Structure formats: structure tokens, C-alpha cells
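# Structural overview for review
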Amino acid sequence: MIKMYNTDINTNITEETKDLKKGNWINMISPTEEEIQRVCAALQIKQDFIRYSLDEEEKARIDTEDDDNTTLYIIDIPVIESDRTRRVYVTMPIGVIFVRDEYVITVSLKENDIIKKMERIVGKKVITYKKSQFLFQLFYENSSAFLNLLKESVGNLMFKVLI
């Protein structure tokens, strides 16, 4: 699934768009092979960075591709997986790709709370053409999610100890 957002530089109004234009945030969640090829062809980038982001075992890192002036940030985000008896806390990689000074791409294996939060605040705290601000906002939302899960875990542990 691909969603694109663009903030108008004159009005700072952000809207979802179907048009690929400079300044877009392109959000790819569990993209199909066709979607990967279409985005890479349109932006004239290699597919590697998108594929790295979809690797469950990928670790947090930064990588650059000098040929097309592209930078990849892979960050781990918290995810809660549940079975019948308990909740398990794991991490999942998200790729943030800066393509030249023109586009920001996020790539994730599945829907997640961090990207959903970024979509909710787009146009308020997230301006699509401000790449550094975008990345810092994503870091902030991610660290907040980790802290909230940690508080919840400690709270549950304390509750069990008190009983």
C-alpha cells in the first residue's frame, strides 16, 4: 500500500495526493513488487534501500548511496505481538529514505502505531518538505512509544508484585 502526502510550501497545508511531486512523503506499507518497481522507476533510485527496510532481521543503521544522493535510516520500532496467554514486545525495522532533497519515503513491513501517529499529525507537526524535522518527529514518536511501553510493563510488574 502506498500513500503520498505533500505540504504546499506557500500555505503549509498538507494533503494526501496521488501525484508524485517534489516534497512528497511517500509512505509504503508492505509494498507489492509492482509498487516497489513503480516508485523506484519514478524516482530513479535503486530498489535496495526499500528491500533492506522490508527485512525483518535488519538492524538500525544509516547507509548512503552517493550515485543518486540517497540516504537510508533504519530504525527499530516497538511492536506488541499477542498470543492467547501473553503479550510479547518485539521490534520491527522502519526505513526512512531521503531521496536527494526532493522526497522522503517511509517503508515498513506492516501497519504500525508510529506511522499512524505521523499520518495523524501530518500538516501540524509534520511538514513533508522539511526532511530533518520529519526524521526528528519520527524519532520522537518512536522514543515516546518505547517509553510508554516501558511504563506499562513496569506498572504491570509492580501490580503483580503488590498482589
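Computed from a predicted model, the values in this text were never measured in an experiment.

## With respect to the overall build of the chain
When you go through the chain residue by residue, the secondary structure sums to four helices and seven strands. Its helices and strands taken in sequence order, the chain reads β-β-β-α-α-β-β-β-β-α-α from the N to the C terminus. Restricting to contacts in the chain with at least 6 residues of sequence separation, those with at least 24 account for 49%. Carbon and sulfur atoms provide 51% of the accessible area of the chain, an area that totals close to 9,800 Å². Here the chain contributes 23 positive and 27 negative side-chain charges, whose respective centroids are spaced 7 Å apart.

## What about the confidence of the model for the chain?
Taken as a whole, the chain shows an average pLDDT of 86; of its residues, 93% reach a score of 70 or greater. Of all helices and strands in the chain, the one with the weakest mean pLDDT is helix α4 (residues 131-162) (77), whereas strand β3 (residues 25-29) scores best (95).

## Some thoughts on unusual backbone geometry
The phi angle at Q44 is positive, at roughly 55°, despite the residue not being glycine. Within the secondary structure, Q44 is located in the loop between α1 (33-43) and α2 (48-53). Non-glycine residue R100 carries a positive phi angle of around 50°. Structurally, the position occupied by R100 is in the loop between β6 (87-99) and β7 (103-108). What makes R100 partly exposed here is its relative accessible area of 22%.

## Notes on the sheet that holds strand β2 (residues 14-17)
Across the sheet, which stays open at both edges, the seven strands sit in the order β2-β1-β3-β7-β6-β5-β4 with mixed pairing between neighbours. In this open sheet, the two edge strands, each paired with only one partner strand, are β2 and β4 (61-65). Strand-to-strand twist across the sheet, computed as the mean angle between neighbouring axes with direction ignored, equals 25°. Running at roughly 160° to β3, α1 makes contact with β1 (2-7), β3, β6 and β7 of the sheet. Across the sheet, helix α3 (residues 113-121) lies against β1, β3, β5 (70-82), β6 and β7, angled at about 150° from β3, the strand it touches most.

## Here we look at the side chain of T14
Looking at the secondary structure, you find T14 in strand β2. Within polar-contact distance, the side chain of T14 engages the side chain of T7 at 2.5 Å.

## Let's talk about the pairing of β1
Summarising the sheet, β1 and β3 pair through four bridges and their orientation is antiparallel. Across the sheet, Y5 pairs through a bridge with W25, a residue of β3. Strand direction decides the pairing type here: β1 and β2, joined by four bridges, are antiparallel. Note on β2: the bridge partner recorded for N6 is E15. What sits between β1 and β2 in their antiparallel hairpin is a turn of six residues, with N12 showing a positive phi close to 60°.

Calculation rules
- Residues numbered from 1 in each chain as written.
- Predicted model: local features only at pLDDT ≥ 70, side-chain atom pairs only at ≥ 80, totals over all residues.
- Heavy atoms only, no water.
- Helix = DSSP H or I, 4+ residues; strand = E, 2+ residues; numbered from the N terminus.
- Contact = heavy atoms within 4.5 Å.
- Areas by Shrake-Rupley, 256 points an atom, 1.4 Å probe, with all protein chains shown as cover.
- Lys, Arg positive; Asp, Glu negative; His and termini not counted.
- Charge placed at Lys NZ, Arg CZ, Asp CG, Glu CD.
- pLDDT = per-residue confidence, 0-100.
- Buried < 20%, exposed > 50% of the residue type's maximum accessible area, 1.4 Å probe, protein only.
- Pairing = 2+ DSSP bridges.
- Axes fitted to C-alpha atoms, helices over the stretch in contact; angles between N-to-C directions.
- Polar contact = N/O pair within 3.5 Å; in protein donor to acceptor, adjacent residues only side chain to side chain.

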